[in-house]
Amino acid sequence: MKDLKYLAAFSLPLVAFMGLYFKGIFTFLTPFYAFVIIPILEILLPVETSNLDENEVEDKLKRKVFDWLLYLNLPVIIGLLLWGFYIVNTQNLATYEFLGLIFSIGIVLGTNGINVAHELGHRQSTNERFIGKALLLPSFYMHFYIEHNFGHHLHAATPEDPATAKYNQSVYSFWFTSSFRQYFNAWKIQKRLLKSNNQGFMSVNNDMLWYTFFQMMYLGAILFFFSPKVLLFGLLAGIVGFIMLETVNYIEHYGLLRHKTKSGRYERVREMHSWNSNHVVGRIVLYELTRHSDHHYKSSKKYQILDCHDESPQMAYGYPTSMVLSLYPPLWFAIMNKRIPKDMIV
């Protein structure tokens, strides 16, 4: 039964469905749940720092339930979007209801969409990667697969990485610098990959072209089957989704820096180059993303077996709570700056 604790990750789309059904003030239930209720639970509940032993790791790797809990997010996201499009298209929503649903569905696109896509994007199976890329599509962040796997994991905790926030950089500044730099970096990486395989820009293996095509087709389909109002709704919900991702990116590596060796190259990524959190609620609803230090140390490890490392820098609060704190930069800096090792400040 402990393995089913990750069903709690579906509480976010559940409250979003409730907002669609009841409407009115309930359209804001998802942001209230994500950024008020969950942070309160994180503060009240104790942290869990224990790791699995070798036998437990082997056992959990054999259980397919952990994989299916990820795959299930695709039909959930599709169902949520289609119902949301239908509601917006057929019902006369008040402006506040329209905005509430944008934030509610956008939050789910970020957590159960992009976050799960991140996990699946590290898998070796083509089918799992396909599901991951499909989950990125509604947030217009399919390029994340290329930049994250071939860029971020190579350059994390260096000035060369767009997804590493600098010391004293606000989250609002980071939203712009990270999102734009990641997109253009993805194109650079794609061109380099094509060149290394003696292929041109117009090759069928240019994934960035395919991603652009699929995302444009997605928007075109919304307009064709629904209306301009629904198109605006889908566009804004997608933007909320990738802003959720960028806010997580912000807190994951804020202010940390890898040192250069005598050869001029950066030291390898280690456990101290990402912020770790062992707050139980955040760990569960984000599929152990909060044990980010171990993920960067060994990116091939599946979420259910990620470890806590004592040498990793520890966040004062869980990831959901930290996301809220980051929205008020003076408070964020006051809490986090003193936790950064002085020789690692970006």
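Rules and cut-offs
Residues numbered from 1 in each chain as written. Predicted model: local features only at pLDDT ≥ 70, side-chain atom pairs only at ≥ 80, totals over all residues. Heavy atoms only, no water. UniProt positions renumbered as here; feature names shortened; annotations may be inferred. Helix = DSSP H or I, 4+ residues; strand = E, 2+ residues; numbered from the N terminus. 1 Å grid on protein atoms, 1.4 Å probe; cavity = no way out; pocket = protein on both sides within 12 Å on 5 of 7 lines; lining within 4 Å. Points joined across faces, edges and corners; volume = space filled by probe spheres on them. Nonpolar A, V, L, I, M, F, W, Y, C, P; charged D, E, K, R; others polar. Patch = residues over 30% accessible without salt bridge, like charges linked within 9 Å, V, L, I, M, F, W, Y side chains within 5 Å. Areas by Shrake-Rupley, 256 points an atom, 1.4 Å probe, with all protein chains shown as cover. Salt bridge = Lys/Arg side-chain N within 4 Å of Asp/Glu carboxyl O. Buried < 20%, exposed > 50% of the residue type's maximum accessible area, 1.4 Å probe, protein only. Axes fitted to C-alpha atoms, helices over the stretch in contact; angles between N-to-C directions. Parallel < 35°, antiparallel > 145°, perpendicular 65-115°, else oblique. Left-handed = near helix turned anticlockwise from the far one by under 90°. Contact = heavy atoms within 4.5 Å. Core = buried A, V, L, I, M, F, W, Y, C linked by side-chain atoms within 4.5 Å. Lys, Arg positive; Asp, Glu negative; His and termini not counted. Charge placed at Lys NZ, Arg CZ, Asp CG, Glu CD. Phe/Tyr/Trp six-rings, centres within 6.5 Å; stacked < 30°, edge-to-face > 60°. Lys NZ or Arg CZ within 6 Å of the ring centre and 35° of its normal.

Right, let's get into the UniProt feature "transmembrane region" (unreviewed entry) in the protein chain. UniProt marks residues 28-47, 68-86, 98-118, 208-226 and 231-251 with the feature "transmembrane region" (unreviewed entry), using the numbering shown here. Overall, residues 28-47 shows 80% helix and 0% strand. The separation of its end C-alpha atoms is 28 Å.

Attention now goes to the layout of surface pockets. Computed from the structure, the largest pocket encloses a volume of approximately 550 Å³. Taken together, 24 residues make up the lining of the largest pocket; nearest its centre are F130, K133, A134, L137 and M142. Sorting the residues of the lining of the largest pocket by element identifies α5 (73-90), α7 (126-136) and α10 (207-225) as the ones contributing at least two each. Counting residues per element, the lining of the largest pocket draws most heavily on α10, which supplies eight residues. Within the lining of the largest pocket, the residues separate by chemical class into 20 nonpolar, one polar and three charged. Taken as a whole, the second largest pocket holds about 460 Å³ of empty space.

A few words now on the UniProt feature "domain: Fatty acid desaturase" (unreviewed entry) in the protein chain. In the numbering used here, UniProt assigns the feature "domain: Fatty acid desaturase" (unreviewed entry) to residues 100-306. Secondary structure within residues 100-306 divides into 61% helix and 0% strand; the distance between the first and last C-alpha atoms comes to 35 Å.

In this section: a nonpolar patch on the surface. A contiguous nonpolar surface patch, about 750 Å² in accessible area, is contributed by L14, M18, Y21, F22, I25, F26 and Y96. If one sorts the elements of the nonpolar patch by residue count, helix α1 (residues 11-22) sits on top with four residues. Its place among the elements puts M18 in helix α1. A relative accessible area of 31% places M18 in the partly exposed class.

This next bit is on the packing of α5 against α7. Two elements in contact, α5 and α7, have axes separated by 10 Å at closest approach and are oriented at 25 degrees. Judged on the interaxial angle alone, α7 and α5 are roughly parallel. In this structure, α5 meets α7 at a crossing whose hand is left-handed. Contacts between α5 and α7 involve N73, L74 and I77 from the former and I131, A134 and L135 from the latter.

In terms of nonpolar packing, the biggest core is built from 55 residues, with I105, L135, Y218, F233 and Y287 touching the most fellow members. It is helix α6 (residues 95-120) that provides the largest number of residues to this core, a total of ten residues. Once residues within four sequence positions are removed from consideration, I105 is found in contact with L20, L80, L81, G84, F233 and A237. Core analysis: the next-biggest nonpolar cluster, separate from the first, contains 32 residues, I38, V285, L325 and F333 among them.

For the rest of this paragraph, the subject is empty space enclosed by the protein. Applying the stated criterion to the full structure yields three cavities of 30 Å³ or more. Quantified by volume, the largest cavity comes out at close to 220 Å³. Taken together, 22 residues line the largest cavity, and the ones lying closest to its centre are T111, N115, V248, L286 and L289. Those elements giving two or more residues to the lining of the largest cavity turn out to be α2 (29-44), α6, α8 (144-155), α11 (228-253) and α14 (319-326). Reported here for the second largest cavity is a volume of approximately 80 Å³. In terms of lining, the second largest cavity is formed by N115, V116, H118, E119, L286, Y287, E288, L289, H295, Y303 and L306.

Right, let's get into the packing of helix α9 (residues 171-196) against α11. At a closest axis distance of 9 Å, the pairing of α9 and α11 adopts a crossing angle of 105 degrees. Between α9 and α11, the interaxial angle falls into the category roughly perpendicular. Here V171, F174, W175, S178, S179 and Q182 of α9 come into contact with α11, specifically with F242, I243, E246, T247, N249 and Y250. Here the residues of the contact of α9 with α11 are counted per class, giving six nonpolar, five polar and one charged.

Glancing now at a positive patch on the surface. A surface patch of like charges, here positive, comprises K166, R181, K188 and K191. Position of K166 among the secondary structure elements: in the loop between α8 and α9. Residue classification places K166 among the partly exposed residues on the basis of a relative accessible area of 45%.

According to the stated counting rule, one finds 26 aromatic pairs in the structure shown. When the ring of W210 is compared with that of F213, the centres are 6.2 Å apart and the planes differ by 85 degrees; the resulting orientation is edge-to-face. Taken as a pair, W210 and F213 lie in helix α10 at a separation of three residues, close to a single helical turn. With relative accessibility at 43%, the residue F213 sits in the partly exposed group. Aromatic ring contacts, followed pair by pair, group F174, Y250, Y254, W332 and F333 into a single cluster. For the cation-ring pair, K133 lies above Y145, with the distance from its terminal atom to the ring centre recorded as 4.4 Å.

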